[in-house]
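Understanding the architecture of this molecule
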Amino acid sequence: MREWFYEEQTPSTRIAVEIRKILHEEQSQFQNIKIIDTIQFGRMLALDDVIQVTELDEFAYHEMLSHVPLHAHANPESVLVVGGGDGGMVREVSKHDSVKRVVLAEIDEAVVNASINHVPSFSVALKDNPKLEIRIGDAIEYVKNLHEEFDVIIVDSSDPVGFAEGLFSREFYGNVHKALRPGGMVTIQGESPWYKYRPMIKRICGWFGEIFPISKQYWANVPSYPSGVMLFPVGSKGNDPAIPIREPVCGLRYYSKEIHKASFVLPLHLQVEQMEEF
Ligand code: SAM
């Protein structure tokens, strides 16, 4: 009999993904964790039955959320990844020779362990990585106490629910601004601009405009996320994030100089000034 995983993307929309085998399931202190081998997407991490990362398309998401700020910043040496326990973001950030220190601030150690044990393609850079420091704990609290410590901060969070909700607040972005060194940049996982998070995206982009000297948005195509489109708000204390200033690092499958520039060209209905709530 065929077995299916369902994600409820909105109260009236679900996606169904055919399961080959459930490789791992546990209830951690924070959430339900599943690693499923699927027919369409390969291995997939789901938290509380929401798809987080899949082998088919994770490169698109991880490359775009990390390499845009890392290729636009003057000299990124110190990088904070908020959330990101699967390791895909750390893998991409670690490709930059200029980066000497990567801190992964993940609340749930069980996500890190599940990824290490079941999906080496995500977690490859979580082991034997001399640049990496893993801090298990609430990143909201961690960021509160930082002052000009990071060149780039990447918020690779789960959806704005429960313990992740504060990662989508004005107060958190104010603390991120304080945690960034002069010239620093922040990018965040900004959800799908087609469905239920549209009003939140508009609100966040407004806050970025108030907090950061430069605030922009770009996008990428990631099929396993609701509607297949992800919007990424970016804030900068220095360079224009839309302009790549160095050659791309090696081993990429989505990011290029051309894609970097083109990803800031948004359809009219996604331009924040014109964005209306559906
Ligand atoms: N790429 C994914 C997406 O867009 O759905 C996100 C992947 S990553 C697995 C998200 C991680 O954020 C989860 O492992 C979750 O535990 C972590 N997280 C959520 N809230 C957090 C918080 N307040 N502090 C630190 N980590 C948090």
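Residues numbered from 1 in each chain as written. Predicted model: local features only at pLDDT ≥ 70, side-chain atom pairs only at ≥ 80, totals over all residues. Heavy atoms only, no water.

Topic: the site of the ligand
The environment of the ligand is formed by 26 residues, the closest being Tyr61, Glu106, Asp138, Ala139 and Tyr225. One nitrogen or oxygen atom from the side chain of Gln31 is found 3.0 Å from an oxygen atom belonging to the ligand. Ala139 is positioned such that a nitrogen or oxygen atom in its backbone is 3.0 Å from a nitrogen atom of the ligand. In the complex, 99% of the free accessible area of the ligand, which totals 600 Å², lies under the protein chains. Among the cavities detected, the one that contains the ligand is the largest cavity. Of all the elements in the fold, those that place two or more residues in the shell around the ligand are strand 4 (42-47), strand 5 (50-54), strand 7 (101-106) and helix 5 (139-144). Considered class by class, the residues forming the shell around the ligand number 13 nonpolar, eight polar and five charged. Here the shell around the ligand spans two domains, and each of domain 1 (3-54) and domain 2 (58-274) adds at least three residues to it. (Near = heavy atom within 4 Å. Polar contact = N/O pair within 3.5 Å; in protein donor to acceptor, adjacent residues only side chain to side chain. Areas by Shrake-Rupley, 256 points an atom, 1.4 Å probe, with all protein chains shown as cover. 1 Å grid on protein atoms, 1.4 Å probe; cavity = no way out; pocket = protein on both sides within 12 Å on 5 of 7 lines; lining within 4 Å. Sits in = over half its atoms within 2 Å of the grid points. Helix = DSSP H or I, 4+ residues; strand = E, 2+ residues; numbered from the N terminus. Nonpolar A, V, L, I, M, F, W, Y, C, P; charged D, E, K, R; others polar. Domains from an automatic or database assignment.)

Describing the sheet that holds strand 4
Across the sheet, which stays open at both edges, the five strands sit in the order 1-2-3-4-5 with antiparallel pairing between neighbours. The open sheet terminates on both sides in strands that have one partner only, identified here as strand 1 (3-10) and strand 5. Neighbour to neighbour, the strand axes of the sheet diverge by 45° on average, direction disregarded. Bridge analysis of strand 2 (residues 13-27) against strand 3 (residues 32-38) gives seven bridges, and the strand direction is antiparallel. Note that in strand 3 the partner of His24 across the bridge is Ile35. Relative to strand 3, helix 3 (residues 109-118) is tilted by about 20°, and along the sheet it contacts strand 2, strand 3 and strand 4. (Pairing = 2+ DSSP bridges. Axes fitted to C-alpha atoms, helices over the stretch in contact; angles between N-to-C directions. Contact = heavy atoms within 4.5 Å.)

Details of the domain arrangement of the chain
Segmentation of the chain into domains returns domain 1 (3-54) and domain 2 (58-274). For domain 1 and domain 2, the distance between their C-alpha centres works out to 22 Å. In this complex, domain 1 contributes 20 residues to the contact, which on the side of domain 2 involves 22 residues. Taken together, both faces of the contact between domain 1 and domain 2 bury some 1900 Å²; the carbon and sulfur share is 65%. Per-residue buried area on domain 1 facing domain 2 is highest for Gln9, Phe30 and Val53; these three make up 27% of the total on that side. Where the side of domain 1 that touches domain 2 is concerned, the elements lending two or more residues are strand 1, strand 2, strand 3, strand 4 and strand 5. (Buried area = accessible area lost by both parts, 1.4 Å probe.)

Observations regarding unusual backbone geometry
Its identity as a non-glycine residue notwithstanding, Asp128 has a phi of 50°, on the positive side. Along the chain, Asp128 falls in the loop between helix 4 (120-123) and strand 8 (132-136). Positive phi outside glycine occurs at Ser227, with the angle close to 75°. Looking at the element boundaries, Ser227 is found in the loop between strand 11 (214-221) and strand 12 (229-236).

Notes on the packing of aromatic side chains
Inspection of the entire model under this criterion finds nine aromatic pairs. Look at Phe30 and Phe163: their rings are 5.5 Å apart centre to centre, the planes differ by 70°, and that puts the pair in the edge-to-face class. Taken as a pair, Phe30 in the loop between strand 2 and strand 3 and Phe163 in the loop between strand 9 (150-156) and helix 6 (170-179) lie far apart in primary sequence, 133 residues in all. Taking the relative accessible area as the measure of exposure, Phe30 reaches 28% and is therefore partly exposed. Using a relative accessible area of 29% as the deciding quantity, one classes Phe163 as partly exposed. When the ring of Tyr218 is compared with that of Phe232, the centres are 5.1 Å apart and the planes differ by 50°; the resulting orientation is tilted. Separated by 14 residues along the polypeptide, Tyr218 in strand 11 and Phe232 in strand 12 bring together distant segments of the chain. On the basis of relative accessible area, Tyr218 is assigned to the buried category, the value being 0%. Through a chain of ring-to-ring contacts, three or more aromatic side chains come together here, namely Tyr61, Tyr218, Tyr225, Phe232 and Phe264. In this arrangement the basic side chain of Arg14 is found over the ring face of Tyr6, its NZ or CZ atom lying 5.0 Å from the centre. Over the face of the ring belonging to Phe59 we find Arg253, whose NZ or CZ atom lies 3.9 Å from the ring centre. (Phe/Tyr/Trp six-rings, centres within 6.5 Å; stacked < 30°, edge-to-face > 60°. Buried < 20%, exposed > 50% of the residue type's maximum accessible area, 1.4 Å probe, protein only. Lys NZ or Arg CZ within 6 Å of the ring centre and 35° of its normal.)

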